[in-house]
Amino acid sequence: GDSVTQMEGPVTLSEEAFLTINCTYTATGYPSLFWYVQYPGEGLQLLLKATKADDKGSNKGFEATYRKETTSFHLEKGSVQVSDSAVYFCALSLPGTGNTPLVFGKGTRLSVIA
Amino acid sequence: EAQVTQNPRYLITVTGKKLTVTCSQNMNHEYMSWYRQDPGLGLRQIYYSMNVEVTDKGDVPEGYKVSRKEKRNFPLILESPSPNQTSLYFCASSRGVSTNEKLFFGSGTQLSVL
């Protein structure tokens, strides 16, 4: 079935370090891909998305490129801040299903220390 | 302010005592959904609704009920809660059922069933 695999956390980085959170997917069709972020005590919110191969989603200094050949959508940021500490979820959504079900990865907790 | 509002934020109950978690959105969204979040399992969809009076099961519907009598409200009902329903619950909504639609999440309800 359709699935999303994210790197296990937690990930702990120092402020200004480079961040990569790996995400790969398995899907029968051509999914849209998303990164959602969950800050402590809050619900998830959309961080960025890409809807077709080679698209790059970007927001708040985060980027991810839809790589069809490697079925990946890795999240990157050049210089993390303490305020980026959160849980990050990679997700996919398939066309034509009639439900907007995001298939989520298990989440990766990021802690950034000053 | 556009938002999805869930209540209560925290709930402790005992096995078998019926409870309802309310969810309301003020964005006139057609699509609403309930998820549960468990450590190591990510988010799993419980039920969803594509419009008023239209509901359907997600991946883990057992032990839950929902209703969609009005467009803005989508309550989650646990008729006879059990300890394995202890979890963090999220309600979400989106404008439609397109795969590119952004999901808006509530802040979550932490439920403990003793």
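Scoring rules and cut-offs
Residues numbered from 1 in each chain as written. Chains lettered and ligands numbered in written order. Predicted model: local features only at pLDDT ≥ 70, side-chain atom pairs only at ≥ 80, totals over all residues. Heavy atoms only, no water. Disulfide = S-S within 2.5 Å. Helix = DSSP H or I, 4+ residues; strand = E, 2+ residues; numbered from the N terminus. Buried < 20%, exposed > 50% of the residue type's maximum accessible area, 1.4 Å probe, protein only. Core = buried A, V, L, I, M, F, W, Y, C linked by side-chain atoms within 4.5 Å. Pairing = 2+ DSSP bridges. Axes fitted to C-alpha atoms, helices over the stretch in contact; angles between N-to-C directions. Salt bridge = Lys/Arg side-chain N within 4 Å of Asp/Glu carboxyl O. Phe/Tyr/Trp six-rings, centres within 6.5 Å; stacked < 30°, edge-to-face > 60°. Patch = residues over 30% accessible without salt bridge, like charges linked within 9 Å, V, L, I, M, F, W, Y side chains within 5 Å. Areas by Shrake-Rupley, 256 points an atom, 1.4 Å probe, with all protein chains shown as cover.

Residue and element names in this part refer to chain B. Overall, the coordinates contain two disulfides over all chains when judged by the stated rule. Here Cys23 pairs with Cys91 through a disulfide, and the sulfurs are 1.9 Å apart. Disulfide Cys23 to Cys91: torsion about the S-S bond roughly -75°, handedness left-handed. Of the two residues, Cys23 is situated in strand 3 (residues 19-25) and Cys91 in strand 9 (residues 87-94); the sequence distance between them amounts to 68 residues. On the accessibility criterion, Cys23 (2% relative accessible area) is buried.

Our focus in this paragraph is the nonpolar core. Trp35, Leu47, Leu48, Phe73, Leu75 and Tyr88 of chain A are the most contacted members of the largest nonpolar core, which totals 27 residues. Elements that contribute at least two residues to this core include exactly strand 2 (11-14), strand 3 (19-21), strand 4 (23-26), strand 5 (32-38), strand 6 (44-50), strand 8 (62-65), strand 10 (86-93) and strand 12 (108-113) of chain A. At four residues, the largest contribution of residues to this core is made by strand 10 of chain A. Core analysis: the next-biggest nonpolar cluster, separate from the first, contains 19 residues, Leu19, Met27, Ile46 and Tyr64 of chain B among them.

Attention now moves to the sheet that holds strand 3 of chain A. Residue and element names in this part refer to chain A. Strands sit in the order 3-9-8-7 across an open sheet of four strands; the sheet is antiparallel. Whereas interior strands pair on both sides, the edge strands pair on one side only; in this sheet they are strand 3 and strand 7 (56-59). Across the sheet, the mean angle separating the axes of adjacent strands is 15° when strand polarity is ignored. Examined bridge by bridge, strand 3 and strand 9 (residues 75-77) share three bridges and lie antiparallel to one another. Opposite Leu19, over in strand 9, you have Lys77 as the bridge partner.

All names here are of chain B. Tallying each qualifying case throughout the model produces seven salt bridges over all chains. For Glu79, the salt bridge goes to Lys18, with nearest N and O atoms at 3.9 Å. With Glu79 in the loop between strand 8 (76-78) and strand 9 and Lys18 in the loop between strand 2 (10-13) and strand 3, the pair connects residues that are 61 residues apart, well separated along the chain. When its relative accessible area of 37% is taken as the criterion, Glu79 is described as partly exposed. What emerges from the salt-bridge pattern is a single network uniting Lys18, Lys65 and Glu79.

Following the criterion strictly, the structure yields 12 aromatic pairs over all chains and no others. Seen in terms of ring centroids, Tyr36 of chain A and Phe105 of chain B are 5.8 Å apart; in terms of plane orientation they differ by 75°. Their pairing is edge-to-face. Separated into two different chains, Tyr36 of chain A in strand 5 and Phe105 of chain B in strand 10 (residues 104-105) make up a pair that spans both. Summarising the burial analysis for this pair, Tyr36 of chain A and Phe105 of chain B share the class buried. Between Tyr31 of chain B and Tyr48 of chain B, the aromatic rings sit 6.2 Å apart at their centres with planes inclined by 20°, giving stacked as the arrangement. One end of the pair, Tyr31 of chain B, is in strand 4 (residues 31-38); the other, Tyr48 of chain B, is in strand 5 (residues 42-51), and 17 residues separate them in sequence.

To continue, consider unusual backbone geometry. Going from Gly9 of chain A to Pro10 of chain A, the amide bond is cis rather than trans, its omega being -5°. You can see Pro10 of chain A is positioned in the loop between strand 1 (3-6) and strand 2. Of note, the amide linkage connecting Asn7 of chain B to Pro8 of chain B takes the cis form, showing an omega dihedral of 0°. Looking at the element boundaries, Pro8 of chain B is found in the loop between strand 1 (4-7) and strand 2.

All right, on to a nonpolar patch on the surface then. Residue and element names in this part refer to chain B. A surface patch of nonpolar side chains, amounting to about 330 Å² of accessible area, comprises Ile12, Val14 and Leu114. Among the secondary structure elements, Ile12 is positioned in strand 2. Note on Ile12: relative accessible area 63%, which makes it exposed.

Shape descriptors only; they carry no functional weight alone.
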